[in-house]
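Each chain is listed here by its residues.
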Amino acid sequence: MSRFKYSSDELDMNKVLKMNQDVSHSMSDDQQMSQTRNGADSNIEASLALLRSLGKGKDISLNCNKKLHTF
């Protein structure tokens, strides 16, 4: 028996969160996904370096601190 009592909606939300967590873990273990992510991260870092060299460092800092919400 669970220590907590959850509503039906909360149970459904927990199921979705668990599924997303499982998918994330499987993707992090996937070698091809890891290589794709590393390549994307490298491209992002190169783009940021270029923008900084063009004097846009302050703009980057401001935008990186904003939270993106897509609901």
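See the structure above.
Residues numbered from 1 in each chain as written. Predicted model: local features only at pLDDT ≥ 70, side-chain atom pairs only at ≥ 80, totals over all residues. Heavy atoms only, no water.

Trainee: Give a detailed account of the overall build of the protein, specifying residues and quantitative values.
Mentor: Check the secondary structure of the protein and you find three helices and zero strands. Reading the protein from its N end, one meets helices and strands in the order α-α-α. Burial analysis of the protein (71 residues in total) assigns 3% to the buried set. When the accessible surface of the protein is summed, it comes to about 6,900 Å², and 57% of that surface belongs to carbon and sulfur atoms. (Helix = DSSP H or I, 4+ residues; strand = E, 2+ residues; numbered from the N terminus. Buried < 20%, exposed > 50% of the residue type's maximum accessible area, 1.4 Å probe, protein only. Areas by Shrake-Rupley, 256 points an atom, 1.4 Å probe, with all protein chains shown as cover.)

Trainee: Give me the pattern of salt bridges: which residues, what numbers.
Mentor: Across all of its chains, the model carries two salt bridges by this definition. One salt bridge connects Asp 22 with Lys 18, and the closest N-O pair in it is separated by 3.0 Å. On the criterion of helical spacing, the pair formed by Asp 22 and Lys 18 is a turn pair, its members being four residues apart in helix H1 (residues 8-29). Taking the relative accessible area as the measure of exposure, Asp 22 reaches 37% and is therefore partly exposed. Its relative accessible area of 45% is what places Lys 18 among the partly exposed residues. Among the salt bridges present, the one from Arg 37 reaches Asp 41, with a minimum N-O distance of 3.1 Å. Here Asp 41 and Arg 37 lie together in helix H2 (residues 31-53), a separation of four residues that amounts to about one turn. (Salt bridge = Lys/Arg side-chain N within 4 Å of Asp/Glu carboxyl O.)

Trainee: Account for H2, with residues named and values stated.
Mentor: Here H2 is 23 residues long and its end C-alpha atoms lie 33 Å apart, about the 33 Å a rise of 1.5 Å per residue gives. N-capping of H2 is provided by Asp 30, with a side-chain oxygen placed 2.9 Å from the backbone N of Gln 32. Looking one or two residues beyond H2, the residue adopting positive phi is Gly 55, at roughly 85°. (Expected span 1.5 Å × (residues − 1). Polar contact = N/O pair within 3.5 Å; in protein donor to acceptor, adjacent residues only side chain to side chain.)

Trainee: Please set out a nonpolar patch on the surface residue by residue, giving values where relevant.
Mentor: A cluster of nonpolar side chains, namely Val 16, Met 19, Val 23, Met 27 and Met 33, defines an oily patch on the protein surface of about 410 Å² accessible area. Per element, the largest residue contribution to the nonpolar patch is four residues, and it comes from H1. Relative to the helices and strands, Val 16 is located in helix H1. (Patch = residues over 30% accessible without salt bridge, like charges linked within 9 Å, V, L, I, M, F, W, Y side chains within 5 Å.)

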